[in-house]
Amino acid sequence: MALYSEKVMDHFTNPRNVGVIEDADGVGEVGNAVCGDIMKIYLKIDGGVITDVKFKTFGCGSAIASSSMATEMIKGKPLSQALELTNKAVAEALDGLPAHKMHCSVLAEEAIRAAIKDYYDRHGIEYDKSQFPDPHEEEEEGPED
Ligand code: FES
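Quick notes on the rules
- Residues numbered from 1 in each chain as written.
- Predicted model: local features only at pLDDT ≥ 70, side-chain atom pairs only at ≥ 80, totals over all residues.
- Heavy atoms only, no water.
- Phe/Tyr/Trp six-rings, centres within 6.5 Å; stacked < 30°, edge-to-face > 60°.
- Buried < 20%, exposed > 50% of the residue type's maximum accessible area, 1.4 Å probe, protein only.
- Lys NZ or Arg CZ within 6 Å of the ring centre and 35° of its normal.
- Helix = DSSP H or I, 4+ residues; strand = E, 2+ residues; numbered from the N terminus.
- Contact = heavy atoms within 4.5 Å.
- Expected span 1.5 Å × (residues − 1).
- Pairing = 2+ DSSP bridges.
- Axes fitted to C-alpha atoms, helices over the stretch in contact; angles between N-to-C directions.
- Salt bridge = Lys/Arg side-chain N within 4 Å of Asp/Glu carboxyl O.

*Asks:* Give me the lowdown on the packing of aromatic side chains, citing residues and values where you can.
*Replies:* Evaluated as defined, the whole model comprises four aromatic pairs. Ring geometry for Tyr119 and Tyr120: centres 5.9 Å apart, planes at 45 degrees, overall tilted. A relative accessible area of 11% places Tyr119 in the buried class. Where Tyr120 meets Tyr127, the ring centres are 5.3 Å apart and the plane angle is 25 degrees; that geometry is what we call stacked. Taking the relative accessible area as the measure of exposure, Tyr127 reaches 15% and is therefore buried. What links up through ring pairs into an aromatic cluster is the set Tyr119, Tyr120, Tyr127 and Phe132. Its guanidinium or amino end placed over the ring of Phe132, Arg113 lies 5.7 Å from that ring's centre, counting from NZ or CZ.

As structure tokens, then:
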């Protein structure tokens, strides 16, 4: 079996929603300390719904495919639904990722959450802080390979 599914290869070679939203309502940037890859997500939000989303990923093919798929999964969706998106769901939508590449999909989940938190913070919207644990507080993970 090939290491990567056709969907991963499709979203890697033809990523959807690449780019920048200049007047974004929320921007989230996260990185993986181990591999050094960085992902940035831009959201346009209207009435609690994600009307547009773009990403820039400086990282591996799995991270690019994950960001592409994750942006497709949250476009047009309410924030509450986007907050529930897990990296596991992204990986499943891609027909799987190799075990040692699962952490790449975590970046997508974290970047979306960071962008939504940024939106809440910028607009003074109250939210449950426990929904946004600081990923760096639980660090000390050691190498992921
Ligand atoms: Fe760094 Fe995939 S996100 S290796």
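*Asks:* An account of the environment of Lys40 is needed here, citing residue identities and associated values.
*Replies:* Assignment of secondary structure puts Lys40 in strand E2 (residues 38-46). You can call Lys40 partly exposed: its relative accessible area is 27%. Distance from Lys40 to Phe58, taken between C-alpha atoms, is 8.6 Å for residues 18 residues apart in sequence. In this view, Lys40 contacts Val27, Gly28, Glu29, Lys54, Phe55 and Lys56; residues no more than four positions away in its chain are not counted.

*Asks:* I'd like a rundown of helix H5 (residues 102-122), residues and numbers included.
*Replies:* One turn of the α-helix equals 3.6 residues, which is why residues spaced by three or four share an orientation. Helix length check: H5 (21 residues) gives 31 Å between terminal C-alpha atoms against 30 Å at 1.5 Å per residue, within 8%. Positive phi shows up at Gly124, right after H5, with a value of about 60 degrees.

*Asks:* Hey, could you go over the pairing of strand E3 (residues 49-58) for me, with residue numbers and the actual values?
*Replies:* Here E2 runs beside E3; their pairing, made up of nine bridges, is antiparallel. Its bridge partner lying in E3, Lys44 is registered against Asp52.

*Asks:* Outline the sheet that holds E3, listing residues and values.
*Replies:* The strand order across the open sheet formed by three strands is E1-E2-E3, and the pairing between neighbours is antiparallel. Every interior strand has two partners, whereas the edge strands, strand E1 (26-31) and E3, have only one. With direction set aside, neighbouring strand axes in the sheet form an average angle of 15 degrees. With six bridges joining them, E1 and E2 adopt antiparallel strand pairing.

*Asks:* How would you explain the pattern of salt bridges if you had to name every residue and give the values?
*Replies:* Applying the stated criterion across every chain yields a total of eight salt bridges. Two residues, Asp95 and Lys7, come together in a salt bridge whose shortest N-O distance is 4.0 Å. Residue Asp95 is located in the loop between helix H4 (87-93) and H5, and its partner Lys7 is located in helix H1 (residues 6-13); the two are separated by 88 residues in the primary sequence. Taking relative accessible area as the criterion, Asp95 reaches 52% and is therefore assigned exposed. Assessed through its relative accessible area of 36%, Lys7 is described here as partly exposed. As a salt-bridge pair, Asp121 and Lys117 come within 3.1 Å of each other at their nearest N and O atoms. Taken together, the residues Asp121 and Lys117, both in helix H5 and four residues apart, mark about one turn of the helix. Asp121 gets classed as partly exposed once you look at its relative accessible area, which sits at 41%. One network of salt bridges, with partners in common, ties together Asp23, Asp25 and Lys44.

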